[in-house]
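What follows is the residue order along each chain.
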Amino acid sequence: MALSCVLEPALSGFNFENSTRNNVLENGSEEGKIKAPKPMKTGTTIAGVVYKDGVVLGADTRATSDEVVADKMCAKIHYIAPNIYCCGAGTAADTEKTTDMLSSNLTIFSLNSGRNPRVVMAVNILQDMLFRYRGMIGANLILGGVDCTGSHLYTVGPYGSMDKVPYLAMGSGNLAAMGILEDRFKVNMDLEEAKALVSDAIHAGIMSDLGSGNNIDLCVITKEGVDYIRPHRESPYNYKRQAKYKYKPGTTPVLSKTVTQLELELVHETVQKMETGSS
Amino acid sequence: METHHSHSQVKGVSTGTTILAVKFNGGVIIGSDSRASMGESYVSSKTINKLIQVHDRIFCCIAGSLADAQAVTKMAKFQLSFHSIQMESPPLVKAAASIMKELCYSNKEDLQAGFITAGWDRKKGPQIYVVSLGGMLLSQPFTIGGSGSTYIYGYVDAKFKPNMSLEEATQFSTNALALAMGRDNVSGGVVHLVVITEAGVKHIVVPGDKLPKFHDE
């Protein structure tokens, strides 16, 4: 049964059309050297835990571009299917697009076959795609979901490796988060315990890693449905502005003013009557 | 995860590993450790599965880049299953090994993974095949692989006997893996063993604390 896919079908080999263009841009003429912009990374802490009735996924909400926080309320838990969600670490654009494509492909599959997608199918599609791009797509993903075969948590690396795990943390803050998870994880926890564990793990990542911060989002997936708690815990640092930063008109003195009329020539004029039905 | 990259030649998650396979009287045992590493200093998984079932009585164990190995075994599983449907009979172990070899040899520039394929078939009984990094295919009565194998060549060469019983072969494999895991820093975790015979497939897990100790205090 051939699977119809979104966008272009899998071409053999790799498409490096843009690399010649990038090369020209970067090494062109002596004066014309343009530095490639640094991609926005989600220096991040994400974590996931399997508990008694399902899966709890957690993430921080900071997206950084070098030293600047580019987005304070970035959503890192992406929707894949009604019963499958995915946390993404790595290059923000890559995780967004990859999870978007995966979600579209699974929806098409659902419509074609009349079946709900399984988590393992999402993992297989991701693995195939990321392997094909040989690590060029910088996406470290934690996939969690509940399907007819139970609750599952998988990790997929940027080179296309995958692992099925009961608990996991990824991203730049993963070492701190793993410490918390290793200490307190138990099999078959109940909901409140699991939420507290994931929340504390992300919090540890936020405290110990410069690339993670701001709020903590949680996503609880069970057989009955999904509870997307955004935010679960807000950052205690208030961003209230101390003063008004709007400048009144007239703050900047105008020294001189020149008006240049643009020469416009009317070349062609058409009038199209619109059919407006009587309402 | 660039933080964990050091001078490792394998990009991404690697199964710096110890794998082995041993033929005994009536079947074959295939075994591995369970550690996956990134660079030389981070264990990314303590419980990775390196024994992949490619057909009812044929298993593959993987070494090298985890992504490459998983991709190759997935492809091999598909091709083997298709071959088996066309032939209307269970595939030969040699067929499975050949498929892996084709994939490894044709893509040798892009792949960094080696395999041990072992299993049982009606034609030749228990067999073990090694598919190395560049795509060489060899049949052997016992074989070891992975980074930890260098520490146990002496042990396996001295202790292997043809036609061992199941208990002897299990002890041989467990000892060999324990010795390798004790000396190689990128091998560790638990010992996974799969016993393949005509009757079926049995999975044995030996947790780290139950492994035989060799002057470990």
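Quantities reported herein were computed from a predicted structural model and do not represent experimental measurements. (Residues numbered from 1 in each chain as written. Chains lettered and ligands numbered in written order. Predicted model: local features only at pLDDT ≥ 70, side-chain atom pairs only at ≥ 80, totals over all residues. Heavy atoms only, no water.)

Examining the overall build of chain A
In terms of regular secondary structure, chain A is built from 5 helices and 13 strands. Within chain A, the proportion of its 279 residues that are buried is 41%. Partitioning the contacts of chain A with sequence separation of at least 6, the portion at a separation of at least 24 is 60%. Taken as a whole, chain A presents about 17,600 Å² of accessible surface, with 55% of it coming from carbon and sulfur. (Helix = DSSP H or I, 4+ residues; strand = E, 2+ residues; numbered from the N terminus. Buried < 20%, exposed > 50% of the residue type's maximum accessible area, 1.4 Å probe, protein only. Contact = heavy atoms within 4.5 Å. Areas by Shrake-Rupley, 256 points an atom, 1.4 Å probe, with all protein chains shown as cover.)

A closer look at the UniProt feature "active site" (unreviewed entry) in chain A
All names here are of chain A. When the UniProt feature table is mapped onto this chain numbering, "active site" (unreviewed entry) sits at Thr-44. Topologically, Thr-44 is positioned in the loop between strand E1 (41-42) and strand E2 (46-51). Using a relative accessible area of 0% as the deciding quantity, one classes Thr-44 as buried. Contacts of Thr-44, omitting those with residues within four sequence positions, involve Asp-60, Arg-62, Lys-76, Gly-88, Ala-89, Met-170, Gly-171, Ser-172, Gly-173, Asp-209, Gly-211 and Ser-212. (UniProt positions renumbered as here; feature names shortened; annotations may be inferred.)

Brief notes about the UniProt feature "active site" (unreviewed entry) in chain B
As recorded in UniProt, the sites labelled "active site" (unreviewed entry) are Thr-17 of chain B. In this structure Thr-17 of chain B touches Asp-33, Lys-50, Ile-62, Ala-63, Gly-145, Gly-146, Ser-147, Gly-148, Ser-149, Asp-184, Val-186 and Ser-187 of chain B, once residues within four positions along its chain are discounted.

Things to note about the UniProt feature "domain: Proteasome beta subunit C-terminal" (unreviewed entry) in chain A
With numbering aligned to this structure, UniProt lists the feature "domain: Proteasome beta subunit C-terminal" (unreviewed entry) at residues 240-271 of chain A. Taken end to end, residues 240-271 of chain A is 0% helix and 0% strand, and its two terminal C-alpha atoms sit 53 Å from one another.

Quick word on the pairing of strand E7 (residues 58-65) of chain B
Where a strand is regular, its side chains alternate between the two sheet faces. All names here are of chain B. Burial runs high along E7: 8 of the 8 residues are buried. Of the pairings in the sheet, the one linking strand E6 (residues 51-55) to E7 comprises 4 bridges and is antiparallel in character. When the sheet's bridge partners are listed, Gln-53 is paired in E7 with Phe-59. In textbook terms, the turn of a hairpin is the stretch between consecutive antiparallel strands, and for E6 and E7 this stretch comprises 2 residues. Note that E7 and strand E8 (residues 113-121) share 7 bridges and pair antiparallel. From the neighbouring strand, Ile-62 faces E8, where its bridge partner is Phe-115. (Pairing = 2+ DSSP bridges.)

Observations concerning the interface of chain B and chain A
Taken together, the contact between chain B and chain A spans 18 residues of the former and 18 residues of the latter. Approximately 1,500 Å² of surface area, both sides summed, lies buried where chain B meets chain A, with 48% of it carried by carbon and sulfur atoms. Among the salt bridges present, the one from Asp-128 of chain A reaches Lys-74 of chain B, with a minimum N-O distance of 3.5 Å. Taken together, the connections running from chain B to chain A amount to 9 residue pairs in polar contact (both at pLDDT 80 or more). Listing elements by their share of the side of chain B that touches chain A, those giving two or more residues are strand E5 (42-45) and helix H1 (66-87) of chain B. Top element by residues in the side of chain B that touches chain A is H1 of chain B. It accounts for 6 residues. Residues that form the side of chain B that touches chain A fall into these classes: 8 nonpolar, 4 polar and 6 charged. (Buried area = accessible area lost by both parts, 1.4 Å probe. Salt bridge = Lys/Arg side-chain N within 4 Å of Asp/Glu carboxyl O. Polar contact = N/O pair within 3.5 Å; in protein donor to acceptor, adjacent residues only side chain to side chain. Nonpolar A, V, L, I, M, F, W, Y, C, P; charged D, E, K, R; others polar.)

Focus: a negative patch on the surface
Negative charge collects at one region of the surface, where Asp-53, Asp-190, Glu-192 and Glu-224 of chain A lie side by side. Locating Asp-190 of chain A in the fold gives a position in the loop between helix H4 (174-184) and helix H5 (191-208). (Patch = residues over 30% accessible without salt bridge, like charges linked within 9 Å, V, L, I, M, F, W, Y side chains within 5 Å. Lys, Arg positive; Asp, Glu negative; His and termini not counted. Charge placed at Lys NZ, Arg CZ, Asp CG, Glu CD.)

Quick word on the nonpolar core
Among the nonpolar cores identified, the biggest contains 66 residues, and Val-49, Leu-57, Ile-142 and Leu-181 of chain A together with Phe-115 of chain B are the most heavily contacted of them. For this core, the element with the most residues is helix H2 (residues 93-106) of chain B, which contributes 8 residues. Core analysis: the next-biggest nonpolar cluster, separate from the first, contains 23 residues, Leu-20, Ala-169, Leu-177 and Val-191 of chain B among them. (Core = buried A, V, L, I, M, F, W, Y, C linked by side-chain atoms within 4.5 Å.)

Focus: the sheet that holds strand E11 (residues 142-145) of chain B
Residue and element names in this part refer to chain B. The 5 strands are arranged E11-E2-E3-E12-E13 in an open sheet whose pairing can be described as antiparallel. Pairing within the sheet leaves two strands with one partner each, and these edge strands are E11 and strand E13 (201-206). In this sheet, neighbouring strand axes are inclined to one another by 15° on average, regardless of whether the strands run parallel or antiparallel. Bridging between strand E2 (residues 19-24) and E11 involves 4 bridges; their strand directions are antiparallel. (Axes fitted to C-alpha atoms, helices over the stretch in contact; angles between N-to-C directions.)

Brief notes about empty space enclosed by the protein
Residues and elements named next belong to chain A. Overall, the coordinates contain 1 cavity of 30 Å³ or more when judged by the stated rule. Volume-wise, the largest cavity comes out at about 30 Å³. What lines the largest cavity is Thr-98, Met-101, Leu-102, Asn-105, Ile-125, Leu-126 and Met-129. When residues of the lining of the largest cavity are traced back to their parent elements, those giving at least two are helix H2 (92-113) and helix H3 (119-132). Sort the elements by how many residues they give to the lining of the largest cavity and H2 lands first, with 4 residues. For the lining of the largest cavity, the class distribution of residues is 5 nonpolar, 2 polar and no charged. (1 Å grid on protein atoms, 1.4 Å probe; cavity = no way out; pocket = protein on both sides within 12 Å on 5 of 7 lines; lining within 4 Å. Points joined across faces, edges and corners; volume = space filled by probe spheres on them.)

Quick notes on the sheet that holds strand E13 (residues 226-233) of chain A
Residues and elements named next belong to chain A. Sheet architecture is open: 5 strands sit in the order E11-E2-E3-E12-E13, paired in antiparallel fashion. Edge positions in the sheet fall to strand E11 (167-170) and E13, since each has one partner strand and no second. Ignoring strand direction, the axes of neighbouring strands in this sheet form an average angle of 15°. Of the strand pairs in this sheet, E2 and strand E3 (residues 54-60) are connected by 6 bridges, and their pairing is antiparallel.

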